[in-house]
Amino acid sequence: MAVGEAFVSAAELFSNFDEVVPPLKPKEAIDEANRCLYCYDAPCIKACPTGIDIPSFIKKIATGNLYGSARIIMETNPVGASCARVCPTSQLCEGACVLNDASKPILIGLLQRHATDWAIRNNAVFFKPGERNGRKAAIAGGGPAGLSAARELGRLGYDVTVYEAKEKAGGLNTYGIVSFRLPQDIALWEVRQVESLGVKFKYGVRVGVDISPQELLAEYDVVLLSAGMGAVPDLAVEGEDLEGVYDAITLVEDTKTKPLTTEFIGKKVAVIGAGNTAIDAATCSVRLGAAQVQIFYRRTSKEMTAYDFEFEFAKQDGVEFRWLTAPKRILGRDGKVAGLELIRMTLGEPDEKGRRKPVPIEGSEFTVEVDYVVKAIGQKRQIPLLEAFGLEHRNGVPVLEENSFRTTHPKVYAAGDIIFGGGKTDAMVVDAAEQGKKAAYAIHRSFETESQTA
Amino acid sequence: MADLRINLAGIQSPNPFWLASAPPTNSGYQVMRAFEAGWGGAVWKTLGEPIINVTSRFAALHYGGQRVLGLNNIELITDRPLEENLKEMAEVKRRFPHHALIASLMVEHKREAWHEIVKQVEAIGVDGLELNFGCPHGMAERGMGSAVGQHPDLVRQQVEWVKEVAQTPVIVKLTPNITDIRFTARAASEGGADAVSMINTINSLMGVDLDTWLPVPHVDGKGAHGGYCGPAVKPIALNMVAECARDPQVGIPISGIGGISNWRDAVEFLLMGATGVQVCTAVMHHGFRIVEDMIDGLNNYLDQKGIASVTDIVGKSVSSYSDWGHLNLNYKIVARIHEETCINCNKCHIACEDASHQCIDIIRDEATGKERLVVREEDCVGCNLCMIVCPVEGTVEMVEVPTGQPPLTWNQRQAALGLVK
């Protein structure tokens, strides 16, 4: 796949969104599984935010116990099939593999995918609902954190209802990660696993809009907020209302939910931002047939938040990177995007996090001709939702009890991207899954303590 | 969830996986760790007279990137005082009343010596006894272990002595260092044994150091034969289990031992007539934790086959194991090579060319310059060699070809020709 093709057929467009990384062949999987040393107290386990017993699931692939292998993965990580595809494994499990120095690290991500693919193909069901304990839990948001919490609460015997604003659950995995990395079917299989525990899903219901916090708090014993993050913020430049300005999340979502558009074929696309979402938007544009795709970022490659493998992938796709440039104005013609005025930047003094702040270079403005501008400069916080619940927060990040996921309201917990407070890496699916699990245990613990003291 | 409980000659166990009498069952600490990890039973490292051990003790066969394909050792029975072992065994039994705890015993060829040790270990509450008539090194030189196991009369006699006083089931552990294991198995059975276990280790010399010219392992410049175990011995052990399982004169339950490394190996031993299995080398290689996948894998296997209890598969393959004279001479298979998965390594061609019947041709397509391998089926003898050497599973398939002739065994043929009465 590369940019610049003059003609793209509909069939080709469609196949552009097929999964790019091929699965391991059966022999490859066995060979690779047998290469694992089955370390004791293995570093790969510690490097996994959810702590999957990786050597065990690999050993089970080697003994032909694929059911057991997939069960270990899904037991520890309710979105383990998605994570097999989207985790930055070279920074996590594979980066910690003891064979890094001695040979080559084990392909843990692909082995995880091998096992979970088996489970998907064989309609494996792993978990049973716990005996009902009479408590009701509401979960706002059916993404990785919400699903993970719902799964664990369901197993613990809670009557769980997930309120999901969209038509389907799975959150980022269903809507926000490009199909050629994570097909929707995978995320929806994980949703079905949670459904099979008797967890109810109410779709098209926005908490705080369609149902009030008061109603939820009255009806349920506990509420977990796992609504993720909001839309991409505005660039705050002139021309943002022109036709042809997209936000990256919507662009990716459209490729996963609607018939693929042909309007990008042969066009020039500018993407603003250099995180993983920006990369997704850029590679999506390439796959939609764009003739030229450029990423504009106000800092340099050193500061960008996209994973190395994502960066490499985008370069392979022919995406051009323009460092130290920031948008100043979107230029229009007949109400449509026609160009983009940019300004060159330089890196100034480091800020409190040690990141050098980009500073515009006076008079360095220049213009590029583009047909589409895609915004990917981060995501908004869920401030209205937090405020509707009357929760204390710092810049949209809810204040939590120490070592807990409990907010300043005793009946309200929060997990996933909604509590992501920045840091070196992006908020990861695998972190959200772990937080969902932990929040479920925190909720359960508090009820246990309550019933013991009562 | 399948029922994994077994009952081997009256010894109950929550699952069929026991630790064999060996270094992993040397102490209470180890056996308790093992039971916590999920092992269903343990045969405590052989009790007997105080023993002096040597260093070094183990050596391994690594082959083609696979470590510990085989292991051998020159370690002797327990080197810890009997009282200490008995105290710890009692503690293990107290803490794990539902796990099988078996005492492995070895004493000199004296009736009183056997009586005494049997009474001592039964007094602390073991679930059964295993008489070690198998250890091939060190003890054998003192007239114990395989020195007994190689003489059916001695086996029978010592089993009788033990049975005079034993209150718990008696398992007799057999040596494979013998021409036909059925003779000692029958002797054990005649002596009153409740079960037999097999195999103990096989006489072996693991290797010779190319630089020092010393045997591996050596003790200060000298080596001695050791007992061989691990995945490499599995086929030998499985045959011996199968031979005893189909011998009506043996007729007692079998505890299978020898190279069992995972649930698949265990299933094979169970199908071939073992009521349970004992494991050692795999634990020495990977630790007690391997039992988790053994239990999980066995359970999933039974569930997927719709089998409720593990005891339902015991011996299910025994009737299909027979003598050469009962094989159908008119059954014919030939090799077929699946071109779509063939990687053209040509290993099947050269194996057939040099070691079989020269029936795999390399056909070159002049148009494309590509080569493909084709079996001349009329010349194929169905030996399996090409399938065995093929590195891509499923690429060489052995398919049945009808001969149009009714089944005929060697025995039937000889009878028809009037050559046998």
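Predicted, not measured: the structure shown is a model, and the values here were computed from it.

**What about the domain arrangement of chain B?**
- For chain B, the assigned domains read domain 1 (6–320) and domain 2 (333–417).
- Look at where the C-alpha atoms of domain 1 of chain B and domain 2 of chain B centre, and you get two points 40 Å apart.

**Observations regarding the domain arrangement of chain A**
All names here are of chain A.
- Domain assignment breaks chain A into domain 1 (21–121), domain 2 (136–230 + 380–453) and domain 3 (245–375).
- A separation of 31 Å is found between the C-alpha centroids of domain 2 and domain 3.
- On the domain 3 side, the residues contacting the 15 residues of domain 2 number 16 residues.
- Remark: the boundary between domain 2 and domain 3 carries 2 salt bridges.
- Two residues, K166 and E253, come together in a salt bridge whose shortest N-O distance is 3.1 Å.
- Taken together, the connections running from domain 2 to domain 3 amount to 7 residue pairs in polar contact (both at pLDDT 80 or more).
- With 4 residues, helix α11 (residues 172–176) is the single largest residue contributor to the side of domain 2 that touches domain 3.
- Residues of the side of domain 2 that touches domain 3, tallied by class, amount to 6 nonpolar, 6 polar and 3 charged.

**Focus: the interface of chain A and chain B**
- Each partner contributes to the interface: chain A provides 14 residues, whereas chain B provides 14 residues.
- Of the roughly 1,200 Å² buried between chain A and chain B, counting both surfaces, carbon and sulfur atoms make up 42%.
- Our count for the chain A to chain B interface comes out at 4 salt bridges.
- Residue K60 of chain A is joined to D293 of chain B by a salt bridge in which the shortest nitrogen-to-oxygen separation is 3.2 Å.
- On the surface where chain A and chain B come into contact, there are 13 residue pairs in polar contact (both at pLDDT 80 or more).
- Within the residue set of the side of chain A that touches chain B, elements represented by two or more residues are α4 (54–62) and α5 (66–76) of chain A.
- Looking at the side of chain A that touches chain B element by element, the count peaks at 4 residues for α5 of chain A.

**Concerning the pairing of strand β4 (residues 41–47) of chain B**
Residue and element names in this part refer to chain B.
- With respect to burial, β4 is a largely interior element, 7 of its 7 residues being buried.
- Note: strand β3 (residues 17–19) against β4, 2 bridges, orientation parallel. What sits directly across from W18, in β4, is G41.
- Relative to strand β7 (residues 100–105), β4 runs parallel, the two sharing 5 bridges. Residue pairing for β7: A42 is matched across the bridge by L101.

**So, helix α9 (residues 108–121) of chain A**
Residue and element names in this part refer to chain A.
- A rise of 1.5 Å per residue sets the reference length of α9, with its 14 residues, at 20 Å; its end C-alpha atoms lie 20 Å apart and thus fit the reference within 8%.
- Within α9, 13 of the 14 residues are buried, which leaves the element mostly enclosed by the surrounding structure.
- Once α9 finishes, N123 follows within two positions and takes phi at roughly 50°, a positive value.

**Considering the side chain of T409 of chain B**
Residues and elements named next belong to chain B.
- Along the polypeptide, T409 turns up in the loop between β20 (396–400) and α13 (410–416).
- The class of T409 is buried, set by a relative accessible area of 12%.
- Among all residues touching T409, those that are not within four sequence positions of it are G325, H326, L327, N328 and L329.

Reading the values: the criteria
- Residues numbered from 1 in each chain as written.
- Chains lettered and ligands numbered in written order.
- Predicted model: local features only at pLDDT ≥ 70, side-chain atom pairs only at ≥ 80, totals over all residues.
- Heavy atoms only, no water.
- Domains from an automatic or database assignment.
- Contact = heavy atoms within 4.5 Å.
- Salt bridge = Lys/Arg side-chain N within 4 Å of Asp/Glu carboxyl O.
- Polar contact = N/O pair within 3.5 Å; in protein donor to acceptor, adjacent residues only side chain to side chain.
- Helix = DSSP H or I, 4+ residues; strand = E, 2+ residues; numbered from the N terminus.
- Nonpolar A, V, L, I, M, F, W, Y, C, P; charged D, E, K, R; others polar.
- Buried area = accessible area lost by both parts, 1.4 Å probe.
- Buried < 20%, exposed > 50% of the residue type's maximum accessible area, 1.4 Å probe, protein only.
- Pairing = 2+ DSSP bridges.
- Expected span 1.5 Å × (residues − 1).

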